[in-house]
Amino acid sequence: MTRDPQHDKRGGRNGRSYFRRFSLEERHLRGILLILLSLVLTIIIVPKGSFIPDHYFPGDVASRDIKAPKDILIPDLELTEKKRVEAEEAVLSFYDFDARAGHDVAERISQALRLLHREVGKGSSPDSLHKEVEGILGLTLSDSDLNALARLPSDPEWLSGLRTTLQKAFSHQVVGNRQLFQADKERGIIIRNLESRTEEPGSALDEVLGPTAGLERVNAQLREIEGISSEGRRVLLGVVQNLFRPNLTFNKEETDNRKRQARELVKPVLFQVKKGEMIVRVGERVSEEQIVKLRALRDSGTDYDHVRLGLGLMVCALLLVYSTHRFAQTNIRKYRPQNKDLLFLVSVFLGLFALIKLLIFISGALESAFPYIDSTSYYYLFPFAVGAMLVRIVLNSETALVFVILSSLLFGIMFGDSLYIAFYALVGSFVGAHWVRHCKERTSLYQAGIRLSIMNALLIIGIHLISGRAFDPQLIYQIGFGLGSGFLCALIVTGTIPLVEYIFKYTTDIKLLELANLNTPVLRELMIQAPGTYHHSIIVGNLVEAAAEAIHANPLLARVAAYYHDIGKIRKPLYFIENLGMQENKHDKLAPSMSALILMSHVKDGVELARESGLGEPLVNIIRQHHGTSLIKFFYDKAKGKEGAGMPQIDERDYRYPGPKPQTREAALIMLADAVEAASRTLTDPTPARIQGMVQKIINNIFIDGQLDECELTLKDLHNIAKSFNKILGGIFHHRIDYPEPAYKEREPARRNNVEDLYREPPKETKNPEIAPAKSGTEDLKRLGMS
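What you are looking at is a predicted structure, and each value in this text was computed from that prediction instead of being measured.

### A look at the overall build of the protein chain
For the protein chain, the helix and strand inventory stands at 28 helices and eight strands. Of all 787 residues assigned to the protein chain, the portion counted as buried reaches 45%. Considering only residue pairs separated by 6 or more positions, the protein chain has 79% of its internal contacts joining residues 24 or more positions apart. Carbon and sulfur atoms form 56% of the exposed surface of the protein chain, whose accessible area is close to 41,600 Å².

Below you can see the structure in the form of structure tokens.
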């Protein structure tokens, strides 16, 4: 197989165009995620941020220092109310004086008498005028009273004198309740003349009469009238008494209106709080005066202020997240989040802050139910470390570091610029993330929760000492909540990890623990279909686990990936020498190029089976990379040996695996262990020296071939890996003492012609097996694995 240079060139141009387009789309997506994160965090934080002071009641202990952000004029409600009450009391009682009251009574009586005299003079009976007279007077009269009125003098001069007498009798001011009037008179009153519509302060109030005195005055005036009988005088006095009404009345409605106006005219009494003035200090008991100031501070903000402050917070959050992300991406080697990782981080951010916001509301409600526990004490129960633990389990320590820094700073803002909360969340998140770095057992999460609880308790004691507060029962509650926070974090993470794995398709250490079970369907099929490959994978797993521990890689990922790295051999197991047994080698009848294609196909088949089984991208990538671009040397040499004149030249690239080369230390470990384990089978006398020489040569060849160029293994790592391999293989190929009688009859070594891993040259036999292998050149690794 040959390649078209023009095709490569076009592919290169198309590839560069594709990557530019991909990079542009990726930047757009990341920008959208950044803006979305900043916007939603602002919406969550603002209602409980530093912009709105906490709600306190008299006697509550302040959880933080609160200063006035600007000059504020605060109304003194108590003093304002006092002045308004004084203004109301200064309003004089308002009375109406009806000067026409006596004239109206005299006119009605005169009109009734004229009607009687006129109709009786015409010969009518007084009884027939009963209704008309009652209608004029507005009274009910008996027949005798009506006849007595009819007998009164009808002389116009007498009637005029009666009218004058009645008007004179009603000319004095008369009130309905003399006692109430006396109380108002002492404070002063205003009298309004309904006839002239003028108002003037009450004068000569001692002459104001009560109802009884007014009637006596009328009676006295009527006695002076001559020309009437005693019966007529009695009836006339009764009529006057029934028509008598006070002419000076208290106008309650007008008095209340004037008091209300006087109250409204009093402007609020204000006192000033200067910008930067300390309103309340942390740990102090809040007084009534401080509560007034806090309420004024809360009410002083307008909608425009809230929008402006929210916009400012969004800009700051945007810059904080962006600058931290860019710095980490440039300077932290392992901080390389993909779009899926960024989506996961944004989801964790928003979910965590929404949870904390909900718990803030719940803590406020619990304070009402349990008033002996401050709402701020519940803050130490909040699971601040959940996000960092999730990120560390799913991604890596570097990403968790960035997450912890960002979340802790934003938590401080969310809790009203609280440095203590920010510090508490920062340290707790670091502790939680550290202890879940390698979950080799399911109990690791709860062990991390216990350590986090202990650290939380110590932090709470330290914060209490820093704040300078005296010992109080709240410290006991806070320590208890801090201990509970660690267990709460472990519980939430345990329940959340399966959901994260399902939604985002991550392979976490928890998932690896499940895949490490050798009874999974894929491994059981591998054991049945390809038992030699299965046994080979188990040994490779032991090799890479020990090596990963030696170089501080992920032992669990390395071991599980080793179990599954050759599952592609399930589809053609008999084309691989470890599964042949005593059967005929199928490669004897195939062309070298076809054999090479079959060997390469197990990588592709393994990737497909891994995806079908849902093993996750980390394992899929290791399966794809565990051979890198290494040469299938056995069949390449075989093809070169058959090459003759007139035949196409053998292209080495046709006998190399498609790659890519190992990108991680775990993938490189599996490549090395895979080759070492296969080559170790070829040793006729596996002494420690021969094992050491074989390991050194295999690692040296892989290193020289450039297969380790794209991973992060150092020369020191390779030395430790070789020492680890020597130790494990030395245990596998240990010597036993001879039994007196052989337990079995040794068989001759099976013929090994075509084998997948013979492309890696085995160590050459030396006459003295104890002598170390000879130097192979300036590029070789020297004394690899020797102590």
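### So, the nonpolar core
Nonpolar side chains in soluble globular proteins generally cluster together in the buried interior. Residues Phe344, Phe353, Ile356, Phe384, Phe411, Met414 and Phe415 are the most contacted members of the largest nonpolar core, which totals 72 residues. Looking at this core, the elements that each hand over two or more residues are helix H1 (5-45), helix H12 (303-331), helix H13 (339-369), helix H14 (386-394), helix H15 (397-414), helix H16 (419-435), helix H17 (444-467) and helix H18 (473-504). With sequence-adjacent residues up to four places away left out, Ile356 is seen in contact with Phe382, Pro383, Phe384, Phe411, Met414 and Phe415.

### Some words on the packing of aromatic side chains
Inspection of the entire model under this criterion finds 20 aromatic pairs. An aromatic cluster is built from Phe349, Phe353, Tyr379, Tyr380, Phe382, Phe384, Phe403, Phe411, Phe415 and Tyr424, whose rings are joined through pairwise contacts. Over the ring of Trp435 we find Arg451; its NZ or CZ atom is 3.9 Å from the centre of that ring.

### Points about the packing of helix H8 (residues 211-223) against helix H9 (residues 230-243)
Taken N-terminus to C-terminus, the directions of H8 and H9 make an angle of 150°; their axes are 11 Å apart at the nearest point. For the element pair H8 / H9, the angle class is roughly antiparallel. Where H8 crosses over H9, the two elements pack in a sense that is right-handed. The segment H8 lies against H9, with Leu215, Val218, Asn219, Leu222 and Arg223 engaging Arg233, Leu236, Leu237, Val240 and Gln241. The residue makeup of the contact of H8 with H9, split by class, is six nonpolar, two polar and two charged.

### Some points on the confidence of the model for the protein chain
Across the protein chain, the average pLDDT comes to 81, with 84% of residues at or above 70. Segment residues 1-22: pLDDT under 50, and five contacts once partners within four positions in sequence are set aside and those in other chains are kept. Here residues 745-778 is modelled with pLDDT under 50, and outside its nearest four sequence neighbours on either side it reaches 57 contacts, counting other chains as well.

### Describing a nonpolar patch on the surface
The grouping of Ile450, Ile454, Leu458, Ile461, Leu465 and Phe487 at the surface amounts to a nonpolar patch, some 590 Å² of accessible area in total. If one sorts the elements of the nonpolar patch by residue count, H17 sits on top with five residues. Looking at where Leu458 falls in the secondary structure, it is placed in helix H17.

### Let's talk about the sheet that holds strand S3 (residues 93-97)
For sheets, the rule is that strands pair by backbone hydrogen bonds, running either parallel or antiparallel. Pairing is mixed in the open sheet, where four strands are placed in the order S5-S4-S3-S6. Either end of the sheet is taken by a strand with one partner, and the two such strands are strand S5 (198-201) and strand S6 (248-250). Each strand axis lies, on average, 30° off the axis of its neighbour in the sheet, ignoring direction. By the bridge criterion, four bridges tie strand S4 (residues 189-193) to S5 in an arrangement that is antiparallel. Across the sheet, the residue bridging to Ile191 is Glu200, located in S5.

### Here we look at unusual backbone geometry
With omega at 5°, the peptide bond leading from Gly659 into Pro660 counts as cis. By the element assignment, Pro660 lies in the loop between helix H25 (633-642) and helix H26 (665-680). Non-glycine residue Lys505 carries a positive phi angle of around 60°. Tracing the backbone shows Lys505 in the loop between H18 and helix H19 (509-515). What makes Lys505 exposed here is its relative accessible area of 53%.

### Focus on the side chain of Gln474
Residue position: Gln474 is located in helix H18. On the accessibility criterion, Gln474 (12% relative accessible area) is buried. Ignoring sequence-local partners within four residues, the contact set of Gln474 consists of Tyr372, Ile373, Asp374 and Ser377.

### Points about H8
Under the 1.5 Å per step criterion, the end-to-end length of H8 is 19 Å for 13 residues, consistent within 8% with the ideal 18 Å. Restricting attention to buried positions, one finds in H8 the residues Gly214, Val218, Asn219, Gln221 and Leu222. Angularly, the buried residues of H8 cover 160° about the axis, an arc narrow enough to put them on a single face. Of the exposed residues in H8, those oriented more than 90 degrees away from the buried face are Thr212, Glu216 and Arg223. Elements that come into contact with the buried residues of H8 comprise helix H6 (156-169) and H9.

Procedures and definitions
- Residues numbered from 1 in each chain as written.
- Predicted model: local features only at pLDDT ≥ 70, side-chain atom pairs only at ≥ 80, totals over all residues.
- Heavy atoms only, no water.
- Helix = DSSP H or I, 4+ residues; strand = E, 2+ residues; numbered from the N terminus.
- Buried < 20%, exposed > 50% of the residue type's maximum accessible area, 1.4 Å probe, protein only.
- Contact = heavy atoms within 4.5 Å.
- Areas by Shrake-Rupley, 256 points an atom, 1.4 Å probe, with all protein chains shown as cover.
- Core = buried A, V, L, I, M, F, W, Y, C linked by side-chain atoms within 4.5 Å.
- Phe/Tyr/Trp six-rings, centres within 6.5 Å; stacked < 30°, edge-to-face > 60°.
- Lys NZ or Arg CZ within 6 Å of the ring centre and 35° of its normal.
- Axes fitted to C-alpha atoms, helices over the stretch in contact; angles between N-to-C directions.
- Parallel < 35°, antiparallel > 145°, perpendicular 65-115°, else oblique.
- Left-handed = near helix turned anticlockwise from the far one by under 90°.
- Nonpolar A, V, L, I, M, F, W, Y, C, P; charged D, E, K, R; others polar.
- pLDDT = per-residue confidence, 0-100.
- Patch = residues over 30% accessible without salt bridge, like charges linked within 9 Å, V, L, I, M, F, W, Y side chains within 5 Å.
- Salt bridge = Lys/Arg side-chain N within 4 Å of Asp/Glu carboxyl O.
- Pairing = 2+ DSSP bridges.
- Expected span 1.5 Å × (residues − 1).
- Arc of directions from axis to C-beta.

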